[in-house]
Every structure is written in C-alpha cells, then in structure tokens.
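One-letter residues, chain by chain:
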Amino acid sequence: RWLTCKSLPPGTLERIADTITDRLRVPWFSGAVKINVSLVPPLVLLPVFLHVAALHFLLGLIILTSLPVVVLWYYYLTHRRKERTLFFLSLGLFSLGYMYYVFLREVVPRGHVEYSQVVALTCGLILMLAALSRAKKDPGYLPIPVGDKKPSHQGLPKSIRGSSSGLHGISGAASSRAVNGEAKGCCKMSAEQPGVKKDWCTKCQLVRPARAGHCRLCGRCVRRLDHHCVWINSCVGEQNHQAFILALSFFMLTSVYGITLTLHTVCRGRTPFVALFYCPGAYSDYSSALSFTCVWYCAIVTAGMGYILLIQLLNISYNVTEREARLALRDNTGRRLLGGLVIDPGQYNRGLLCNWGHFLSLGSSPPQRSAEDIV
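Residues numbered from 1 in each chain as written. Predicted model: local features only at pLDDT ≥ 70, side-chain atom pairs only at ≥ 80, totals over all residues. Heavy atoms only, no water.

Per an unreviewed UniProt entry, the protein is named Palmitoyltransferase, and its organism is Chloropsis cyanopogon. The Sequence similarities (unreviewed entry) field of the UniProt record for the protein holds the comment "Belongs to the DHHC palmitoyltransferase family." The annotation that UniProt attaches to the protein under Subcellular location (unreviewed entry) is "Golgi apparatus, trans-Golgi network membrane". (UniProt positions renumbered as here; feature names shortened; annotations may be inferred.)

What follows is the structure, given as structure tokens:
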C-alpha cells in the first residue's frame with residue numbers, strides 16, 4: 001500500500017520498522033545477537049561520503065557542509081523524542097578508528113612522518129579511549145528504592161515535598177512552582193555547606209541531595225547532574241565529570257596533532273592554518289585528496305568538540321553545571337557573562353581557585369548516606 005501511494009493506518013510504518021529492528025540479528029555461539037540499528041549508518045555512510053568527497057573539490061564542499069547539518073538534525077530529532085541512541089557514540093568511535101586508519105595507510109607511507117610522531121599520536125588515542133571508558137561508567141546514579149519500600153514524602157518538609165528538578169535558586173526562602181509538570185526547590189545555601197536542603201523526585205520516588213537532577217533519557221537521578229551527553233550515551237555527573245573533561249582534552253590534543261602532521265605531509269612548505277584553506281596540490285592524486293578531505297572532516301569535528309570543552313571549562317570556573325545554567329536562563333535568574341558563554345546563577349560560585357578545587361575533588365570521597373536512605 002505504501003509503494004502504491006495508498007493510505008496506511010496510523011503507526012503502520014513504525015510497527016514495521018520496529019519489527020525489522022527486532023529481527024535484525026547475527027548468529028553467535030551463545031545465540032543470535034541483536035544489532036542496534038543506530039550503530040550501522042556511521043559504519044557504512046562515513047567511508048562512502050569521505051571517498052566521494054575526495055573525488056572533486058565541489059563534492060567535498062557539499063558533503064562536508066551537509067554532514068554537520070544531518071548530524072544536528074538527527075540530534076534534534078532524538079532529543080525531541082527523548083530517545084537514547086548509539087548513533088553518536090558509534091559515529092565518534094568509528095571516526096577515530098577510520099581517521100587513524102587513513103593516517104597510517106595514506107600519510108605515513110609518504111615518509112615525512114617519524115616513528116616517534118606515530119607513537120605519540122597512538123598514545124594520545126589510547127589515553128583518550130581510556131578516559132572515555134571511565135566516563136562511560138556510573139556518573140553518580142542515586143540508588144532506586146527497591147520493592148514496596150519506597151520512601152514516602154508525606155513526612156518531608158514543605159520545602160522538599162513535591163520538588164523534582166533539584167535546582168535550588170538564589171532566593172532566601174524555599175519555594176516551589178511547577179515547571180513543565182515538575183517542581184523546583186529553591187534555597188540560598190550552597191551544596192557544600194552543612195544543612196543544605198534536599199528535594200523530592202516524584203519520578204524516582206526518593207530524596208536527593210542538592211544539585212542532583214533527574215535525567216529524562218536515562219530515567220535516573222544523578223548526583224551533581226551536568227547534562228546527558230549523546231556522544232558517550234550517558235549522563236555526566238559527579239562521578240565521571242573529570243573523566244569526561246579529560247577525554248575531551250586528550251581528543252583535542254590528539255586531533256590537532258594528527259591534523260598538523262597530515263597537513264605537513266600533504267601540503268609541504270605551508271603552515272597548518274594556511275594549508276587548511278590553501279593547498280593547491282591536494283587534489284593532484286586520490287591519496288592526497290582523501291587525506292585532505294579527512295583533515296577537513298577532523299577539523300569540523302574538532303571545532304565542535306572544542307566549543308563543548310570551552311563551555312565546560314568556563315562552567316567549571318564559575319562552579320555551575322550546564323543543567324543549572326539552562327534552568328537559570330529559562331527562569332531568567334542568572335547573569336550572562338563573557339558574551340553569553342556562561343550563565344552564572346551566582347549560587348555556588350566561590351572564586352576561580354575554590355571552584356576548580358571543588359571540581360578536582362569530585363568523587364574523591366564516597367557520598368554520605370542520608371537519614372532517609374538509612375531508614
């Protein structure tokens with residue numbers, strides 16, 4: 001009916017797609033393994049697009065311009081539907097592996113890259129993957145009440161009861177108001193000070209500490225929730241925020257170093273910045289064209305990750321999480337600093353050194369159990 005342009009009952013194509021997704025499995029010794037469909041497109045389309053882009057300058061311009069647009073559109077689509085996907089994690093890991101493969105196959109054989117430089121690039125890649133593996137672990141999930149022994153919020157103070165956003169505002173008195181079906185508790189006290197107020201999560205049915213938040217994608221509450229990162233398909237919270245920053249930093253250093261080595265090889269006699277925009281012999285042969293196309297792809301990805309790292313470092317300097325900045329911007333309770341790059345609610349900012357000291361001490365000690373958890 002779809003091929004003949006006839007009308008279909010609502011949800012028919014979605015059910016067909018779900019069935020195909022469920023039946024897409026590969027044989028294995030312990031039984032058929034289900035394949036996540038979101039893993040497949042980067043593995044197939046990325047090499048095809050890059051090889052096509054290397055055929056001509058105009059094709060490269062069109063493809064390298066359209067790729068970020070497609071990725072942003074898919075991010076908007078999944079974010080609006082509140083869906084978790086492995087597409088971005090697969091795209092990131094496969095991009096790293098494929099760029100490294102092109103570097104070893106097309107750039108190193110030219111003889112302009114030394115053995116020590118290859119070792120340095122490989123070590124940077126390994127360190128980045130190690131930090132990424134650590135960032136993929138528990139971000140600081142709060143334990144979910146087991147069975148029917150869920151804590152009741154009937155005996156909680158009014159300042160805690162009914163709150164589920166976890167953001168405590170700047171006002172002196174505690175208040176609560178509904179925002180998108182959730183409530184927000186406000187308190188002037190810092191999360192580092194004793195006696196700080198906690199709030200109640202109506203979804204997880206638990207009392208959570210200050211600065212903790214509920215992730216609508218993971219369905220869990222996370223201590224000091226910063227944001228849900230699609231590139232690692234996990235939340236960034238108290239336990240993995242340091243590893244997340246470390247992975248971004250290693251990626252930036254390794255990527256910039258690899259781009260520099262490739263441009264020095266393909267565009268001899270020019271500085272990397274000039275060669276990125278003006279390299280006359282880049283399309284003289286297919287090997288140089290493919291290397292130059294991969295360099296531009298890496299440059300686009302590195303620019304995006306560099307912006308994320310910059311925002312993260314600025315937020316850490318002002319001791320504000322991305323979630324707190326977003327809610328402060330929505331409620332118009334924060335100050336715009338550095339041209340709007342930072343939204344500072346002014347609640348936990350204790351100065352540059354203290355803020356970084358607090359960040360470096362995250363996860364150093366096990367979280368204290370509250371009276372409600374003990375009960």
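**Some words on the overall build of the protein**
Tallying secondary structure elements over the protein gives eleven helices and twelve strands in all. Out of the 375 residues belonging to the protein, those deemed buried represent 42%. Of the contacts made within the protein by residues no fewer than 6 positions apart, 61% connect residues no fewer than 24 positions apart. Accessible surface for the protein amounts to roughly 20,800 Å². Of this, 65% is attributable to carbon and sulfur atoms. (Helix = DSSP H or I, 4+ residues; strand = E, 2+ residues; numbered from the N terminus. Buried < 20%, exposed > 50% of the residue type's maximum accessible area, 1.4 Å probe, protein only. Contact = heavy atoms within 4.5 Å. Areas by Shrake-Rupley, 256 points an atom, 1.4 Å probe, with all protein chains shown as cover.)

**A word on the state of the cysteines**
Tallied over the entire structure, the rule returns one disulfide. Between Cys 267 and Cys 279 runs a disulfide, and the two sulfur atoms are separated by 1.8 Å. Residues Cys 267 and Cys 279 share a disulfide whose torsion about the S-S bond is about -110 degrees; that sign makes it left-handed. Within this pair, whereas Cys 267 is found in the loop between α6 (241-266) and α7 (272-277), its partner Cys 279 is found in the loop between α7 and α8 (286-317), the two being separated by twelve residues in sequence. Between Cys 204, a free cysteine, and Cys 221, which holds the nearest cysteine sulfur, the sulfur-to-sulfur gap is 3.6 Å. (Disulfide = S-S within 2.5 Å.)

**Details of the pattern of salt bridges**
Scanning the entire structure with this criterion turns up four salt bridges. Here Arg 110 makes a salt bridge to Asp 285, at a shortest N to O gap of 3.7 Å. A residue pair is termed long-range when its members are at least 10 positions apart, and Arg 110 in the loop between α4 (87-107) and α5 (115-135) and Asp 285 in the loop between α7 and α8 qualify at 175 residues. Assessed through its relative accessible area of 33%, Asp 285 is described here as partly exposed. Note that Arg 211 and Glu 324 form a salt bridge whose closest N and O atoms lie 2.8 Å from each other. Here Glu 324 lies in helix α9 (residues 322-331) and Arg 211 lies in the loop between β6 (206-208) and β7 (213-215), a separation of 113 residues in the sequence. Considered together, Arg 211 and Glu 324 belong to a single accessibility category, that of buried residues. (Salt bridge = Lys/Arg side-chain N within 4 Å of Asp/Glu carboxyl O.)

**Brief notes about the packing of helix α3 (residues 57-80) against α8**
It is at 11 Å that the axes of α3 and α8 come closest, and there the two elements cross at 30 degrees. Classified by the angle their axes make, α3 and α8 are roughly parallel. Crossing of α3 against α8: the hand is right-handed. Of α8, the residues touching α3 (which contributes Leu 64, Leu 67 and Pro 68) are Thr 293, Trp 296, Tyr 297 and Ile 300. Its residues assigned to classes, the contact of α3 with α8 shows six nonpolar, one polar and no charged. (Axes fitted to C-alpha atoms, helices over the stretch in contact; angles between N-to-C directions. Parallel < 35°, antiparallel > 145°, perpendicular 65-115°, else oblique. Left-handed = near helix turned anticlockwise from the far one by under 90°. Nonpolar A, V, L, I, M, F, W, Y, C, P; charged D, E, K, R; others polar.)

**Remarks on unusual backbone geometry**
Although it is not a glycine, Cys 5 adopts a positive phi angle of roughly 60 degrees. By relative accessible area, which is 73% here, Cys 5 ends up exposed. Look at Asn 233: it is not a glycine, yet its phi comes out positive at around 55 degrees. Relative to the elements of secondary structure, Asn 233 occurs in the loop between β9 (227-229) and β10 (234-236).

**Observations regarding α5**
With 21 residues, α5 extends 30 Å between its outermost C-alpha atoms, agreeing within 8% with the 30 Å of an ideal straight helix rising 1.5 Å per residue. Within the sequence span of α5, burial applies to Gln 117, Val 118, Leu 121, Gly 124, Leu 125, Met 128, Ala 131, Leu 132 and Ala 135. Considered in projection along α5, the buried side chains sweep an arc of 160 degrees and stay on one side of the axis. Projecting away from the buried face of α5 at angles above 90 degrees are the exposed residues Tyr 115 and Ile 126. Against α4 and α6 lie the buried residues of α5. (Expected span 1.5 Å × (residues − 1). Arc of directions from axis to C-beta.)

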